[in-house]
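Coordinate analysis (summary)
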Amino acid sequence: MANTSTRTLRLLSLLQTHKYWPGTELADRLGVSPRTLRRDVDRLRDLGYPVEAQRGVDGGYQLAAGAALPPLMVDDDEAVALVIGLQVAMQGMVEGVAESSVRALAKVVQVMPPRLRRRVEAIRAMTVPADWGGRSDPGPDPAALTTVALACRDSERLRFTYTAADSRHSERHVEPHRLVALGRRWYLVAFDLTRHDWRSFRIDRLTAPVGDGSRFRPRELPTTDAAEFVRAGVDRISRPYRIEVLVEAPAEAVRERIGRWATVEAVAPGRCRVSMTTDSLDWPTMALGSLEAEFRVLEPPELIAQIRDWSERFGRALAGPADGSAGLPA
């Protein structure tokens, strides 16, 4: 059996991974008796961690929100800064950390007292995000995203209002499976209990999610993983442009750069085919330029025309005087 300090840290970690642990199962995971488990829980309470206990045959423990953040973690200002930073990261501003940011955010919010949550919301409400002047889609509500993440983790059924692409509203009751970050959007993969089938839901179109308190046994997803399920659904949506490009670079190198948003297939050593569907040609043009490789557009003609137009404008920019005064007002 591990020493008391190590075991106490292990207990805290387990309490953070599930909303509720039956006492017998938790004791088995730690390799201790129920009596020793109770003493370890008391040690966590002495340190300031709000552990709630439910008595009875099916009794157990869960980590609850307290009046203050537990000690030996972070202070109030650091906690607020941490949540704000995680909210920014989960919106895809930093490549590769969005999904882990949601998991970390869910852990912090779980024990954050209401007064700090209000500070976080006030800062977010009074902050205007900067963009590059292009079309800006609304990001997901961090509170909704956190609620969904916790429901996925705890296998708890969810209810919410969903707005479809045609603006129709519907009430949904689902068994949440996984969250998937695709491009700059978040999707919930869940089994729809009303339609009796698997569905993916855009989080930014999801309103007022709330767990109904009932647990479920997770079903088997009909695809290899949740990301594949979302990709298949997105591909079925009609979009104006279907992109096909031959790139003179190894498939692996191209996949590392834009593989999250496109399908990359090797066609020969040092050559690959890039395919994607999109409702705007601006991002594919910038993505292809970022590959630092020769490429040839197979379709659509509109993409060829846009690249030609950009090329001519860049050429005119380089043709001016070295002092950059051409075309500027006196």
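Residues numbered from 1 in each chain as written. Predicted model: local features only at pLDDT ≥ 70, side-chain atom pairs only at ≥ 80, totals over all residues. Heavy atoms only, no water.

Below, the discussion takes up the packing of helix α1 (residues 4–17) against helix α3 (residues 34–46). It is at 10 Å that the axes of α1 and α3 come closest, and there the two elements cross at 80°. The pairing of α1 with α3 is recorded here as roughly perpendicular in orientation. Of the residues in α3, those touching α1 at T4, R7, T8, L11, L12 and L15 are T36, L37, D40, V41, R43 and L44. Of the residues belonging to the contact of α1 with α3, the class tally is 6 nonpolar, 3 polar and 3 charged. (Axes fitted to C-alpha atoms, helices over the stretch in contact; angles between N-to-C directions. Helix = DSSP H or I, 4+ residues; strand = E, 2+ residues; numbered from the N terminus. Parallel < 35°, antiparallel > 145°, perpendicular 65-115°, else oblique. Contact = heavy atoms within 4.5 Å. Nonpolar A, V, L, I, M, F, W, Y, C, P; charged D, E, K, R; others polar.)

Let's shift gears to a positive patch on the surface. Side chains of R35, R38, R39 and R55 sit close together on the surface and give a patch of like positive charge. With respect to the secondary-structure elements, R55 resides in the loop between β2 (51–54) and β3 (60–63). (Patch = residues over 30% accessible without salt bridge, like charges linked within 9 Å, V, L, I, M, F, W, Y side chains within 5 Å. Areas by Shrake-Rupley, 256 points an atom, 1.4 Å probe, with all protein chains shown as cover. Salt bridge = Lys/Arg side-chain N within 4 Å of Asp/Glu carboxyl O. Lys, Arg positive; Asp, Glu negative; His and termini not counted. Charge placed at Lys NZ, Arg CZ, Asp CG, Glu CD.)

Here α1 crosses helix α2 (residues 23–30) at 135°, and the two axes come no closer than 10 Å. Considering their axes alone, α1 and α2 lie oblique with respect to each other. As α1 runs across α2, the sense of the crossing is right-handed. In this structure, α1 contributes R7, R10, L11, L14 and L15 to the contact, and α2 contributes L26, R29 and L30. Classifying every residue of the contact of α1 with α2 gives 5 nonpolar, no polar and 3 charged. (Left-handed = near helix turned anticlockwise from the far one by under 90°.)

Another point: the confidence of the model for the protein chain. Within the protein chain, residue pLDDT values average 81, and 82% of them lie at 70 or more. Residue range residues 128–136 is modelled with pLDDT below 50. Its contacts to residues more than four positions away, or to other chains, number 2 contacts. (pLDDT = per-residue confidence, 0-100.)

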